[in-house]
Amino acid sequence: MTQDNSILARFDKKDASLSLAYVVIAFLAIFIGAIAGLLQGLDRGHLITLPSTLYYEILTAHGVMMGVIFTTFFIIGFLFAGTARTVGGLTNLSRSLGWIGYWMMVIGTALGTAEILAGNASVLYTFYAPLKASPFFYIALTLIVVGSWLGGYGIFASFVNWRRNHKGQTTPLFAYMATATMALWQIATLGVAAEVLFQLIPWSFGWVPTIDVLLSRTLFWFFGHPLVYFWLLPAYACWYVNIPKIIGTKLFSNALPRVTFMLFLLLSTPVGFHHQLLEPGIPPSWKALHVALTMGVVIPSLMTAFALFATFEIRGRERGAKSLFGWFSSLPYSDVRFFGPFMGMLMFIPAGIGGIINASFQLDEVVHNTLWVTGHFHITVGAAVALTFFGTAYWLIPALNGRVLTPRMNKMGLLQVFLWVVGMTFMSVSMHTLGLLGEPRRTAFTNYLNSPVVQEWAGMRLTLAIGGIILFISAMILTANIVNLLFFAPKGETEFPVAEEAAATPESVPPILERWGVWLSIAVVLVLIAYTMPVYDQIQLHPPGSKGFVTW
Ligand code: HEM
Ligand SMILES: [Cu+2]
């Protein structure tokens with residue numbers, strides 16, 4: 001055991017408080033987002049009737065809180081913590097960048113939330129033009145994105161510093177993953193930064209009268225799809241690195257996860273048109289290329305599934321499981337640190353299948369813009385990722401603030417996770433079904449002038465609302481649990497679990513996997529191939545611009 005692995009030598013107080021600061025905001029966002037989610041669910045189930053403008057205001061708040069604030073803050077906090085833990089502490093430069101980024105993001109969040117709640121920005125979390133929010137909403141977004149860049153630079157700084165001091169050695173796996181995730185984020189956010197700075201801000205201030213809607217959507221989805229991998233990769237990091245240690249076994253491989261992360265880095269960006277399959281102005285051949293590349297991302301996902309289940313099987317066999325699936329029953333389901341992420345992995349199986357459906361040209365025509373899509377991302381980010389982050393928080397927060405998760409709190413955690421799984425299943429199955437029947441997403445309750453077709457939806461809509469209620473209860477228990485871990489749990493030592501290699505053979509990682517220049521160059525080339533021509537055409541042949549619309 002190296003010194004890095006001793007529990008006591010784990011966190012510098014300064015590193016711990018930086019990570020903790022990020023994580024706390026994430027759970028505040030879940031709390032607010034869950035209240036909004038409950039109201040939407042009740043409205044869609046026709047149990048309450050919100051004024052329609054309020055519905056969209058709340059929907060915007062929900063999407064931003066859950067999809068942007070919760071995820072981004074948790075991810076940066078978690079990646080900082082894991083990097084600090086595996087490189088033996090952050091550098092001073094990392095910490096300063098982390099804090100400056102944090103405050104920019106906090107100010108951006110406060111400003112953006114204020115604008116949404118003041119009714120100046122009911123543009124939903126995709127802020128599609130030509131819906132026009134107040135300029136301050138877009139400025140708030142800019143602060144959040146630029147702040148997150150600084151967080152990323154902070155992670156790079158500590159990683160690079162470690163490499164400099166350990167020439168020729170294999171880099172720590174978690175720090176490698178954190179760096180890959182933040183590199184992906186830097187590439188992806190270029191699209192949204194261009195959209196916000198060059199299109200949305202000048203237009204919402206009235207400096208230019210119109211906006212090119214097609215171009216703005218293309219830039220948005222350049223960012224919007226990699227965004228989902230930015231959510232997912234930290235969950236994968238937990239599954240690959242933390243979970244084996246929690247269940248008491250070693251890393252399945254030190255090289256395989258690096259290959260998967262590099263494949264995600266390459267394949268997550270040049271695919272944005274799969275969100276624009278039904279949009280005019282993009283030639284079908286380019287859409288087809290993006291669809292093909294999208295299917296490529298299935299490969300690292302299946303590699304991940306293989307590695308995880310192999311890990312479980314190895315661990316089960318180490319404990320004497322004999323029959324083909326005997327190892328399955330020997331996993332520590334009563335440990336919330338395992339149970340949360342494990343339920344997330346299970347939810348990810350139907351989620352991945354749904355993703356392949358969405359990305360398929362013809363099938364997308366059936367589900368596009370229906371409630372199916374909402375059901376899909378609630379089981380991906382809302383379940384697979386969120387459940388992993390919940391399970392992680394139950395050890396991460398005590399590890400950061402020097403407390404322990406008591407057996408009683410573990411039980412509360414299990415209950416919370418269980419309710420989340422039940423609620424998500426109810427809500428998501430209803431959403432998928434309603435979507436197939438034709439119910440649009442992003443609409444407040446309507447029975448479409450008593451159409452007989454819509455009458456048949458009533459039962460499913462009610463099930464959706466029940467799912468929402470169960471989720472809300474889970475979110476409130478979660479909030480109580482987090483407050484407990486922050487302020488009331490007994491003081492003590494909690495481990496930040498990092499799995500060790502099965503055999504200490506640094507050669508087992510091919511050096512090419514550490515050649516960041518190579519991978520980043522390929523990523524850039526793929527982006528250029530996928531986007532140069534169609535974007536050039538969009539700018540050359542641009543449609544008449546649109547003025548802004550405020551529909552609320
Ligand atoms: C308390 C738990 C939750 C409930 C009750 C809930 C409920 C809902 C409902 C009913 C919609 C409706 C949509 C519509 O009119 O199209 C929605 C949208 C959405 N939810 Fe959730 N949700 C929850 C948790 C989450 C989580 C954990 C995430 C992500 C981490 C998330 C992300 C989103 C996003 C991004 C939208 C889309 C907003 C849009 O279309 O602009 N939700 N949610
Ligand atoms: Cu996508």
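Our structure's up above, just so we're on the same page.
How each quantity is defined
Residues numbered from 1 in each chain as written. Chains lettered and ligands numbered in written order. Predicted model: local features only at pLDDT ≥ 70, side-chain atom pairs only at ≥ 80, totals over all residues. Heavy atoms only, no water. Helix = DSSP H or I, 4+ residues; strand = E, 2+ residues; numbered from the N terminus. Rg over C-alpha atoms; globule rule 2.2 N^0.38 Å. Buried < 20%, exposed > 50% of the residue type's maximum accessible area, 1.4 Å probe, protein only. Contact = heavy atoms within 4.5 Å. Areas by Shrake-Rupley, 256 points an atom, 1.4 Å probe, with all protein chains shown as cover. Donors = N, O, S within 2.8 Å, 3.2 Å for Na, K, Ca; no water. Tetrahedral: all angles 85-135°; square planar, octahedral: opposite > 155°, others 65-115°. Expected span 1.5 Å × (residues − 1). Polar contact = N/O pair within 3.5 Å; in protein donor to acceptor, adjacent residues only side chain to side chain. Near = heavy atom within 4 Å. Nonpolar A, V, L, I, M, F, W, Y, C, P; charged D, E, K, R; others polar. Phe/Tyr/Trp six-rings, centres within 6.5 Å; stacked < 30°, edge-to-face > 60°. Axes fitted to C-alpha atoms, helices over the stretch in contact; angles between N-to-C directions. Parallel < 35°, antiparallel > 145°, perpendicular 65-115°, else oblique. Left-handed = near helix turned anticlockwise from the far one by under 90°. Salt bridge = Lys/Arg side-chain N within 4 Å of Asp/Glu carboxyl O.

Enquirer: I'd like a description of the overall build of the protein chain, backed by residues and values.
Expert: The helix and strand inventory of the protein chain stands at 16 helices and zero strands. The C-alpha radius of gyration computed for the protein chain amounts to 23 Å, which stays within 12% of the reference 24 Å derived for 552 residues, consistent with globular compactness. A principal-axis box enclosing the C-alpha atoms of the protein chain has dimensions of 65 × 50 × 45 Å. With 552 residues in all, the protein chain has 60% of them scored as buried. Restricting the contact set of the protein chain to residue pairs at least 6 apart, pairs at least 24 apart contribute 84%. Surface summary for the protein chain: the accessible area is close to 21,500 Å², and the carbon and sulfur share equals 71%.

Enquirer: Can you tell me about the coordination of the iron atom of ligand 1, naming the residues and giving the values?
Expert: Summarising the metal site, the iron atom of ligand 1 is bound by the protein donors His62 (NE2) and His378 (NE2), whose distances to it range over 2.0 Å. Seen from the iron atom of ligand 1, its six donor atoms lie at angles of 87 to 179 degrees, and the figure they make is octahedral. Of this pair, His62 sits in helix H2 (residues 52–87) while His378 sits in helix H12 (residues 371–401), and the two are 316 residues apart along the sequence. Of the two residues, His62 and His378, both sit in the buried class.

Enquirer: So what about helix H1 (residues 13–44)? Which residues, and what values?
Expert: Counting along an α-helix, one turn takes 3.6 residues, and residues three or four places apart therefore face a common direction. Look at H1: 46 Å from first C-alpha to last across 32 residues, which is about the 46 Å you get at 1.5 Å a residue. Most of H1 is tucked away: 23 of the 32 residues are buried. Sitting at the amino-terminal end of H1 is Asp12, which places a side-chain oxygen 3.0 Å from the backbone nitrogen of Lys14. Looking one or two residues beyond H1, the residue adopting positive phi is His46, at roughly 60 degrees.

Enquirer: An account of the site of ligand 1 is requested, with residue identities and associated values reported.
Expert: Near ligand 1, the surroundings consist of 27 residues, among which Arg44, Tyr55, His62, His378 and Arg442 are the closest. Here Arg44 contributes a side-chain N or O atom positioned 3.0 Å from an oxygen atom of ligand 1. Within the side chain of His378, one N or O atom sits 2.8 Å away from a nitrogen atom of ligand 1. Looking at the shell around ligand 1, the elements that each hand over two or more residues are H1, H2, H12, helix H13 (407–437) and helix H15 (458–488). Within the shell around ligand 1, the residues separate by chemical class into 14 nonpolar, 10 polar and three charged.

Enquirer: Quick one: what's the story with the packing of aromatic side chains, residue by residue and with numbers?
Expert: For any pair of aromatic rings, geometry is given as the distance between the ring centres together with the angle between the planes. This model, assessed by the stated rule, comprises 51 aromatic pairs. A centroid spacing of 5.9 Å and a plane angle of 45 degrees characterise the contact between Tyr22 and Phe73, whose relative ring orientation is tilted. With Tyr22 in helix H1 and Phe73 in helix H2, this residue pair connects regions lying 51 residues apart in the sequence. An identical accessibility class is assigned to Tyr22 and Phe73; each is buried. Judged by centre distance (5.3 Å) and plane angle (35 degrees), the ring pair of Tyr236 and Trp239 falls under tilted.

Enquirer: Talk me through the environment of Gly45; I want residue IDs and the actual numbers.
Expert: Relative to the helices and strands, Gly45 is located in the loop between H1 and H2. Owing to a relative accessible area of 9%, Gly45 belongs among the buried residues under this scheme. Once you skip the residues sitting within four places of it in the chain, Gly45 turns out to touch Arg461, Leu462 and Ala465.

Enquirer: Mind laying out the coordination of the copper ion (ligand 2), listing which residues take part and the relevant values?
Expert: Coordination of the copper ion (ligand 2) by the protein involves His225 (ND1), His274 (NE2) and His275 (NE2), with metal-donor separations of 1.8 to 2.0 Å. Every donor residue of the copper ion (ligand 2) comes from the same chain, spaced as H-x48-H-H. Linking His225 in helix H6 (residues 213–246) with His274 in the loop between helix H7 (256–267) and helix H8 (284–296), this pair joins segments that are 49 residues apart in sequence.

Enquirer: Can you explain the side chain of Ser268? Please cite residues and give values.
Expert: Summarising the element assignment, Ser268 is placed in the loop between H7 and H8. Judged by relative accessible area, which is 0%, Ser268 ranks as buried. Among residues more than four places away in sequence, those in contact with Ser268 are Leu184, His225, Pro226 and Tyr229.

Enquirer: Before we move on, could you go through the packing of H1 against helix H3 (residues 92–117) and cite the residues and values that matter?
Expert: At their nearest, the axes of H1 and H3 sit 11 Å apart, and the two run at 20 degrees to each other. By the angle class used here, H1 and H3 are roughly parallel. For the element pair H1 and H3, the recorded crossing hand is left-handed. Contacts between H1 and H3 involve Lys14, Asp15, Ser17, Leu18, Ala21, Tyr22 and Ile25 on the former and, on the latter, Arg95, Gly98, Trp99, Gly101, Tyr102, Met105 and Val106. When its residues are assigned to classes, the contact of H1 with H3 shows eight nonpolar, three polar and three charged.

Enquirer: Go over the packing of helix H4 (residues 135–165) against helix H5 (residues 173–204), please, and point to the residues and values.
Expert: When two helices pack together, their arrangement is given by the angle between the helix axes and the distance between those axes. The N-to-C vectors of H4 and H5 enclose an angle of 155 degrees; their axes lie 9 Å apart at closest approach. In terms of orientation, H4 and H5 fall into the roughly antiparallel class. Our pair here, H4 against H5, has a crossing hand that is left-handed. Its residues assigned to classes, the contact of H4 with H5 comprises 22 nonpolar, seven polar and no charged.

Enquirer: Quick one: what's the story with the pattern of salt bridges, residue by residue and with numbers?
Expert: Scanning the entire structure with this criterion turns up 11 salt bridges. In this structure, Arg44 and Glu439 form a salt bridge, with 3.2 Å as the shortest nitrogen-oxygen distance. Residue Arg44 is located in helix H1, and its partner Glu439 is located in the loop between H13 and helix H14 (452–455); the two are separated by 395 residues in the primary sequence. For the pair shown, Arg44 and Glu439 are each scored as buried. Its relative accessible area of 3% is what places Glu439 among the buried residues. Among the charged side chains, a salt-bridge network with shared partners connects Asp12, Asp15 and Arg95.

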